[in-house]
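Descriptive analysis of the structure
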Amino acid sequence: MGRKFTWSNNQDNLIMSLLDRVFCSTDFDLKFPLATCRALPKGPSDHTPVLWDSGEGFLFPKSRFKFEKWWLQHDEFKHAVTDLWDSIPVGDSHIDTWQGKVRAFRKKFRGWSANIEAANRKKKIELTAEFDTLDRLSEEQNLSTSQKERMDEVMMGLNKIWAMEGTKARQRSREKHIKEGDRNARYFQTVANQRRRKTTIHQMVGPEGVATETVDIQRIATDYYKNLFRYEKKEDININDEFFLEEQKVTEQENLALEAPFTENEIKKAVLHSYADGAPGPDGLSFMFYQCFWDLIKKDLMNMFDDFYSDKLDIFRINFAAITLVPKENDACTMNKFRPISLLNC
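Small disclaimer: the values here were computed from a predicted structure and weren't measured.

**Here we look at the overall build of the protein chain**
- Across its full length, the protein chain holds 10 helices and eight strands.
- Taken over 346 residues, the protein chain has a buried fraction of 29%.
- Total accessible area on the protein chain stands at roughly 24,400 Å², and carbon and sulfur atoms take up 52% of it.

**Topic: the packing of aromatic side chains**
- Under the defined criterion, the tally for this structure stands at 28 aromatic pairs.
- Relative to W112, the ring of W71 has its centre 6.1 Å away and its plane inclined at 90°; by these criteria the two rings are edge-to-face. Of this pair, W71 sits in the loop between β4 (50-53) and α2 (77-87) while W112 is found in helix α3 (residues 94-140), placing the two residues 41 residues apart along the sequence. Summarising the burial analysis for this pair, W71 and W112 share the class buried.
- Taking 4.8 Å as the distance between ring centres and 40° as the angle between the ring planes, the aromatic pair formed by F105 and F109 counts as tilted. Taken together, the residues span about one helical turn, with F105 and F109 both in helix α3 at a distance of four residues.
- A relative accessible area of 1% places F105 in the buried class.

**Brief notes about the confidence of the model for the protein chain**
- Chain-level statistics for the protein chain give a pLDDT mean of 84 and a share of 89% at 70 or above.
- Across the protein chain, α2 holds the top mean pLDDT of 95, while helix α5 (residues 185-199) sits lowest at 64.

**Regarding the nonpolar core**
- Within the largest apolar cluster, 34 residues are counted, with the highest numbers of intra-cluster contacts made by F67, W71, F77, F105, F109 and F289.
- Listing elements by their share of this core, those giving two or more residues are α2, α3, α8 (264-272), α9 (287-292) and α10 (294-309).
- Counting 10 residues, the second-largest nonpolar core is a separate cluster that includes I217, A221, M335 and F338.

**Concerning a nonpolar patch on the surface**
- A cluster of nonpolar side chains, namely F5, L14, M16 and L18, defines an oily patch on the protein surface of about 340 Å² accessible area.
- Mapped onto the secondary structure, M16 falls in strand β2 (residues 16-17).
- For M16, a relative accessible area of 44% translates into the label partly exposed.

**A look at the side chain of D300**
- Structurally, the position occupied by D300 is in helix α10.
- D300 gets classed as buried once you look at its relative accessible area, which sits at 11%.
- A distance of 2.9 Å separates the side chain of D300 from the side chain of W85, its partner in a polar contact.
- Ignoring anything within four residues of it in the chain, the contact list for D300 reads W85, T97, W98 and K101.

**Things to note about the pattern of salt bridges**
- By the definition in use, this model includes 14 salt bridges.
- With a shortest N-O distance of 2.6 Å, R150 and E130 are connected by a salt bridge. Of this pair, R150 sits in helix α4 (residues 145-173) while E130 sits in helix α3, and the two are 20 residues apart along the sequence.
- Linking E264 and K298 is a salt bridge whose minimum nitrogen-to-oxygen distance equals 3.5 Å. Of the two residues, E264 sits in helix α8 while K298 sits in helix α10, which places them 34 residues apart along the sequence.
- The partly exposed category is assigned to E264, whose relative accessible area is 34%.
- For K298, a relative accessible area of 26% gives the class partly exposed.
- Each of the salt bridges in this network shares a partner with another, and the network as a whole consists of E130, R150 and E153.

**Overview of the environment of M204**
- Of note, M204 is situated in strand β5 (residues 204-206).
- On the accessibility criterion, M204 (0% relative accessible area) is buried.
- Apart from the residues within four sequence positions on either side, M204 is in contact with G209, V210, A211, I217, I220, C333, T334, M335 and F338.

**Description of unusual backbone geometry**
- Phi at N10 takes a positive value of approximately 55°, unusual for a residue other than glycine.
- Of note, N10 is situated in the loop between β1 (7-8) and β2.
- The class of N10 is partly exposed, set by a relative accessible area of 36%.
- At D311, a position not held by glycine, the phi torsion is positive, near 60°.
- The exposed category is assigned to D311, whose relative accessible area is 70%.

**With respect to the packing of α2 against α10**
- Running from N to C, α2 and α10 cross one another at 25°; their axes reach a closest spacing of 10 Å. Between α2 and α10, the angle falls in the class roughly parallel. Where α2 crosses over α10, the two elements pack in a sense that is left-handed. Contacts between α2 and α10 involve V81, T82, W85 and D86 on the former and, on the latter, L296, I297 and D300.

What counts as what
- Position numbers for residues start from 1 in each chain and track the written sequence from start to end.
- Restriction of local features to residues with pLDDT of at least 70 applies here, the model being predicted, together with a cutoff of 80 or more for giving and counting side-chain atom pairs; totals for whole chains, interfaces and linings are based on all residues.
- The basis for every side-chain value is the complete set of heavy atoms in the structure, and neither hydrogens nor water enter the calculation.
- Helix numbers and strand numbers start at the N terminus; a helix is a DSSP run of H or I with at least 4 residues, a strand a run of E with at least 2.
- Type-normalised accessible area, obtained with a 1.4 Å probe on protein chains alone, sets the label of each residue: buried when under 20%, exposed when over 50%, and partly exposed for intermediate values.
- Surface accessibility follows the Shrake-Rupley procedure with a 1.4 Å probe radius. Residue values consider only the protein chains on display as shielding.
- Aromatic rings from Phe, Tyr and Trp, taking only the six-membered ring of Trp, are treated as a pair when their centres fall within 6.5 Å; an angle between ring planes under 30 degrees marks them as stacked, one over 60 as edge-to-face, and anything in between as tilted.
- pLDDT is a residue-level measure of predictor confidence that goes from 0 to 100.
- Nonpolar cores are built from buried Ala, Val, Leu, Ile, Met, Phe, Trp, Tyr and Cys residues. Side-chain atoms within 4.5 Å join them into one set.
- Here the term patch refers to residues with relative accessible area over 30% and no salt bridge, with like charges joined within 9 Å and nonpolar side chains (Val, Leu, Ile, Met, Phe, Trp, Tyr) within 5 Å.
- One speaks of a salt bridge when a side-chain nitrogen belonging to Lys or Arg is within 4 Å of a carboxyl oxygen belonging to Asp or Glu.
- A 3.5 Å cut-off defines polar contacts: any pair of N or O atoms within that distance qualifies, except that in protein one atom must be a possible hydrogen donor and the other a possible acceptor, and neighbouring residues in sequence count only when both atoms are side-chain atoms.
- When checking whether two residues touch, look at their non-hydrogen atoms; a contact exists if any pair is within 4.5 Å.
- Fitting a line to C-alpha atoms yields each axis, with helices limited to the stretch in contact; the angle taken between N-to-C directions then spans 0 to 180 degrees.
- Working rule for angles: under 35 degrees goes down as roughly parallel, over 145 as roughly antiparallel, 65 to 115 as roughly perpendicular, anything else as oblique.
- Here a crossing is taken to be left-handed if its near helix is turned anticlockwise relative to the far helix by less than a right angle, and right-handed if that turn runs clockwise.

Shown next as structure tokens:
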């Protein structure tokens, strides 16, 4: 809440106590995922006002596209990706080809994902109702062989939907210590809600006072880092030839290895050894996408690496990052209390 105590006697012999506490159930947390509880200034009063906000009035910015792990569990997904990727025409340059395919991928599967989720919600309701009907019937009479088989089919369908929901919730929670498939979707959703509450910036103290609007908070953050990383003219610093010992210098053989063209094996090794569930860059594609579809995309990717080596790649077209501010402490409200994390395109 931002305060250690919620009551004081306001006397010279100061006594303080934590009288107010807030408890909520998992169901309540799932119903109000953005709910927050903050202590307000108490002024001359003995009691500190505690404000609970449901978060329902919070306006989210337009959600960015993100590659979803649960897509891989859908029977049609990999075939659809292959068909789309191979259908995009070659561009004027290798980077045009790559970006054209990535744009087409985002456009198609953003809509595809929404349709599949809607269909799964509808199917889940229907299967649950059908299972309940058969389950009630089994209390009154012995089910026939066909009814038992149908009950098993319904359960398999529900398990598949639950598995997708669990995978989606786990990816959002960033939880690494609990395995998928244990029917922990509610737990993962709760963790994700807590992460969102912790990282949501409700206010920021800037040079002109407290800002609560998103646009004003963004302006404070932008001005802070522009000032922090602005150019400052400094005296030239030179290193003389004797600064490094001879054995510390790069040998000619090592230099040849460093300047050699990129090989497919070393790029593949770097991709496969990267953390698949990590947050994606601005293009929305995590390393999971590159790992799962390496054989499909490697030619286009290697073409860009070859262009980069030959100094033909327009690096400014892909050199973008999504900056996320992570609070260093609870109730952070000044820029020096946040740690910036840069999410680059893979």
